[in-house]
Amino acid sequence: MTGVDALLRQYTNIGENDRCVIAYTPDSRESAALITVGLRQRGVVPALVAMRPLVDYELAGRLNAVLPDPGELTGRLVLFTLEKDTMSHFGPFTEVLRRYGGQKCMVVRVISASPEFFEKALNLSPAELSARNATLLDRLLGVHDIRVRSRGGTDLRIRLDSDEYDWISNRGVWRPGGFTILPAGEIATFPARIDGVLVADGALNCNVITRIDTRLGENPLRVEISDGRAVGFECQDADIRELVGLCFRQPYGKRVGELGFGTNSGIDAFIPANSHINERRVGVHIGFGQHNQDKDKIGYQEKVHLDLITDGAEIFVDDDEEPIDLATFTPSSVPHPEIARDEDITGDCCGFGYGELTDEGAE
């Protein structure tokens, strides 16, 4: 319930005049119940809307049946969407934003809705996450070459091009007119070039539904990367090898589409589930397959997106300078840059429509 309080107080700032709606999939009933209890303690009685993941043709009608008249709102409409394994229905929720207007409507999209979300992902406030993201962005914007290393053996040489490729900053800060994506705590871009060895000893996060234990601490995954493509990988865990192999055999599955840095130091451990909570924990994650840029910037689209995550990492901006340790750096007071866009203001998250994965052969 401490996490529920943080969600309602720090992330959404629920007031007594706000109207709240909770849309939830069957796997998120417990999360919906926790938020309902927290709202009722504040004197706010939410409307509950059950929804099917991925495909639900009647969702818009069920939403319309409980939404208040825009003219009767004295506060805001706060719409929580809760899903554990999917992220669905961008159309209906975007329509709610359009109808009520960005200043009067807040849509909070919770991925990985679970007890772990409340226990681990909400321990830092949006202001704290924003300061951490701003500090890293201030150091990396305008830099062309960095090196990323980790205790587990990761050693990557990376070329950045911040003029060509957008930076994404997921920090849990509400921006009127856009979705607020939780859990928060990440900056990411598209690497102009990346070479070296990635040793993912944290976890993986993939936009396919899987029940395997995604933690990699006991069986790290080693990937060789050359010119932005995976050229070989190895792992002792057979289930991990099978999943990664299937992802890499997609048409563009071996391409690096994302360089991401987890910034949420409030997440104290990786969890077994295939979850964005793991991706937000401090470390570097390399996303293979679908990229995180606008469609016209990168010449391919891929339905799979596989993030491989390290347990901590250091960023070397200059070989002669002290590296930035993602776990221990001190946030500064620099303002958050406006050129970094929030993750998924209204759009899909690295292919998180969860298309069916098939073995189509490598590119």
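Keep in mind it's a predicted model, so treat the numbers as computed, not measured.

Rules used in this analysis
Residues numbered from 1 in each chain as written. Predicted model: local features only at pLDDT ≥ 70, side-chain atom pairs only at ≥ 80, totals over all residues. Heavy atoms only, no water. Helix = DSSP H or I, 4+ residues; strand = E, 2+ residues; numbered from the N terminus. Rg over C-alpha atoms; globule rule 2.2 N^0.38 Å. Buried < 20%, exposed > 50% of the residue type's maximum accessible area, 1.4 Å probe, protein only. Contact = heavy atoms within 4.5 Å. Areas by Shrake-Rupley, 256 points an atom, 1.4 Å probe, with all protein chains shown as cover. Phe/Tyr/Trp six-rings, centres within 6.5 Å; stacked < 30°, edge-to-face > 60°. Lys NZ or Arg CZ within 6 Å of the ring centre and 35° of its normal. Arc of directions from axis to C-beta. Salt bridge = Lys/Arg side-chain N within 4 Å of Asp/Glu carboxyl O. Pairing = 2+ DSSP bridges. Right-handed = clockwise from strand over helix to strand, strands pointing away. Polar contact = N/O pair within 3.5 Å; in protein donor to acceptor, adjacent residues only side chain to side chain. Axes fitted to C-alpha atoms, helices over the stretch in contact; angles between N-to-C directions. Patch = residues over 30% accessible without salt bridge, like charges linked within 9 Å, V, L, I, M, F, W, Y side chains within 5 Å.

Visitor: Honestly, the overall build of the protein chain in this entry has me stumped. Any pointers?
Guide: What the protein chain contains, in helices and strands, is eight helices and 19 strands. Whereas a compact globule of 363 residues would reach a radius of gyration of roughly 21 Å, the protein chain reaches 20 Å, a difference of no more than 12%. Its C-alpha atoms give the protein chain principal-axis dimensions of about 60 × 45 × 40 Å. In the protein chain, which comprises 363 residues, the proportion classed as buried is 55%. Across the protein chain, the fraction of contacts at a sequence separation of at least 24, relative to all contacts at a separation of at least 6, is 77%. Counting only carbon and sulfur atoms, one obtains 45% of the accessible surface of the protein chain, whose full area is about 15000 Å².

Visitor: Explanation requested: the packing of aromatic side chains in the structure shown.
Guide: For any two aromatic rings, the description comes down to two numbers: the centre-to-centre distance and the angle of the planes. Taken as a whole, this structure holds six aromatic pairs when the rule is applied. With a centroid separation of 5.1 Å and an interplanar angle of 75 degrees, the aromatic rings of Phe117 and Phe118 are classed as edge-to-face. With respect to burial, Phe117 and Phe118 carry one shared label: buried. Ring geometry for Tyr165 versus Phe190: centroids 4.9 Å apart, planes at 55 degrees, classification tilted. With a gap of 25 residues between them, Tyr165 in the loop between strand S6 (155-159) and strand S7 (168-170) and Phe190 in the loop between strand S9 (186-189) and strand S10 (193-200) connect regions that are remote in the sequence. The exposure classification of Tyr165 matches that of Phe190, with both residues buried. One aromatic cluster is present, formed by Phe233, Phe248 and Phe288 through successive ring pairs. For the cation-ring pair, Arg76 lies above Trp174, with the distance from its terminal atom to the ring centre recorded as 5.7 Å.

Visitor: Before we go on, may I ask you to explain helix H4 (residues 90-100) in this structure?
Guide: Side chains three or four residues apart in an α-helix point the same way, a direct result of the helix having 3.6 residues per turn. If you check which residues of H4 are buried, you get Phe90, Phe93, Val96, Leu97 and Tyr100. For H4, the arc enclosing every buried residue in end-on projection is 130 degrees, short of the 170-degree limit, so these residues lie on one face. Next to the buried residues of H4 lie strand S1 (19-24), helix H3 (59-66), strand S3 (77-82), strand S4 (105-110) and strand S8 (179-182). Once H4 ends, the next one or two residues include Gly101, with phi positive near 90 degrees.

Visitor: When you look at the pattern of salt bridges in this model, what are you seeing that I'm missing?
Guide: When the charged atoms of two side chains lie near each other, side chains of opposite charge can form a pair. One pass over the full model with this rule turns up 21 salt bridges. Arg42 is paired through a salt bridge with Asp5; the nearest N and O atoms lie 2.5 Å apart. Taken as a pair, Arg42 in the loop between helix H2 (29-41) and strand S2 (47-50) and Asp5 in helix H1 (residues 2-11) lie far apart in primary sequence, 37 residues in all. Accessibility expressed as a relative area gives 27% for Asp5, which makes it partly exposed. Residues Arg215 and Asp213 are paired through a salt bridge, measuring 2.7 Å at the closest nitrogen-oxygen approach. By relative accessible area, Arg215 is classed as partly exposed at 41%. Because the salt bridges share partners, they merge into one network encompassing Arg52, Asp56, Glu58 and Arg62.

Visitor: For this particular structure, what's the right way to read the pairing of S2?
Guide: Pairing geometry for S1 and S2, over four bridges, is parallel. Residue pairing across strands places Ile22 opposite Leu48, the latter belonging to S2. For the crossover that starts at S1, traverses H2 and ends in the parallel S2, the hand is right-handed.

Visitor: Honestly, the sheet that holds strand S12 (residues 221-226) in this entry has me stumped. Any pointers?
Guide: The strands making up a sheet associate through hydrogen bonds between their backbones, and the pairing can be parallel or antiparallel. Overall, antiparallel pairing links the seven strands, which are arranged S13-S12-S10-S6-S5-S17-S18 in an open sheet. The open sheet terminates on both sides in strands that have one partner only, identified here as strand S13 (229-234) and strand S18 (324-325). With five bridges joining them, S6 and S10 adopt antiparallel strand pairing. Of the residues in S10, the one forming a bridge with Arg159 is Arg193.

Visitor: What am I meant to see in the side chain of Arg109 here?
Guide: Looking at where Arg109 falls in the secondary structure, it is placed in strand S4. Engagement of the side chain of Arg109 in a polar contact is seen with the side chain of Glu83, the distance being 3.1 Å. Once residues lying within four places of it in the same chain are set aside, the contact partners of Arg109 are Thr81, Glu83, Met87, Ser88, His89, Phe90, Phe93, Phe179, Thr180, Ile181 and Leu182.

Visitor: Can you help me understand the sheet that holds S8 in this one?
Guide: Across the sheet, five strands lie side by side as S2-S1-S3-S4-S8; this open sheet has parallel pairing. Pairing within the sheet leaves two strands with one partner each, and these edge strands are S2 and S8. Sheet twist, expressed as the average angle between the axes of neighbouring strands with direction ignored, equals 20 degrees. Sheet topology places S1 next to S3; six bridges connect them, and they run parallel. Bridge pairing links Ile22 to Phe80 in S3. Strands S1, S3, S4 and S8 of the sheet are contacted by H4, whose axis makes an angle of about 160 degrees with S4.

Visitor: Even after reading the chapter, I still don't get a nonpolar patch on the surface, so can you show me in this structure?
Guide: A grouping of Leu54, Val55 and Tyr57 is seen on the molecular surface, where their side chains present a nonpolar patch of about 350 Å² in accessible area. Tracing the chain through its elements places Val55 in the loop between S2 and H3.

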